[in-house]
Amino acid sequence: MDEYQDIKELLKPKRTFEASSQLRRRISDVAICDSNTGKKSWWVRSGAAAACLIMIAGTAMLLNNNIAVPPLTDDNCIVYVSGQKASGDEAQAIAEADVVKMEQFMQIVAQQNATEKEKVNQFIQHNSLQK
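Values in this document were obtained by computation on a predicted structure and should not be read as measured data.

Right, let's get into the overall build of the chain. Check the secondary structure of the chain and you find three helices and two strands. Listing the helices and strands of the chain from first to last along the sequence gives α-α-β-β-α. The buried share of the chain, taken over its 131 residues, is 5%. Accessible surface, the chain: about 12,300 Å² in total, of which carbon and sulfur atoms supply 61%.

Following this line, the structure appears as structure tokens:
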């Protein structure tokens, strides 16, 4: 516990710094100039953010429409495995196996993310309890 206090003391500022009156005046002059352009830049930033949201929503809608694929038949399922063409039932089986593998991978990643998030939450709670 003494090490913690020692580190805390080392991290405290040794001197106080104050701005000169010239610096304060220069900063206030710049702030006045920026306040006029800040309104314009706020509209630009808001417009850009709205455009991004619209693009994301549009992309999501397009992807959702493309997900509805007609049922696979022997004619419309072709895959290439190690450079060899496979079609029909064999291709459909390979494609379905790949989808299952991908879903399992996504579940594993989600579990790992949840585990890491829980570790971070425990770390934050532990540090807040020490203060």
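From this point, things continue past the structure.
So, on to a nonpolar patch on the surface. A grouping of Val99, Met102, Phe105, Met106 and Val109 is seen on the molecular surface, where their side chains present a nonpolar patch of about 470 Å² in accessible area. Relative to the elements of secondary structure, Met102 occurs in helix α3 (residues 89-130). A relative accessible area of 46% places Met102 in the partly exposed class.

Bridging between strand β1 (residues 78-81) and strand β2 (residues 84-87) involves four bridges; their strand directions are antiparallel. By the bridge assignment, Tyr80 is partnered in β2 with Lys85. If you look at the hairpin formed by β1 and β2, you'll find two residues sitting between the two strands, and Ser82 has a positive phi there, around 50 degrees.

Glancing now at the environment of Ser87. Among the secondary structure elements, Ser87 is positioned in strand β2. Placed 10 residues apart in sequence, Ser87 and Cys77 show a C-alpha to C-alpha distance of 5.7 Å. Sequence-distant contacts of Ser87, defined by excluding residues within four places in its chain, comprise Cys77 and Ile78.

Basis of the calculations
- Residues numbered from 1 in each chain as written.
- Predicted model: local features only at pLDDT ≥ 70, side-chain atom pairs only at ≥ 80, totals over all residues.
- Heavy atoms only, no water.
- Helix = DSSP H or I, 4+ residues; strand = E, 2+ residues; numbered from the N terminus.
- Buried < 20%, exposed > 50% of the residue type's maximum accessible area, 1.4 Å probe, protein only.
- Areas by Shrake-Rupley, 256 points an atom, 1.4 Å probe, with all protein chains shown as cover.
- Patch = residues over 30% accessible without salt bridge, like charges linked within 9 Å, V, L, I, M, F, W, Y side chains within 5 Å.
- Salt bridge = Lys/Arg side-chain N within 4 Å of Asp/Glu carboxyl O.
- Pairing = 2+ DSSP bridges.
- Contact = heavy atoms within 4.5 Å.

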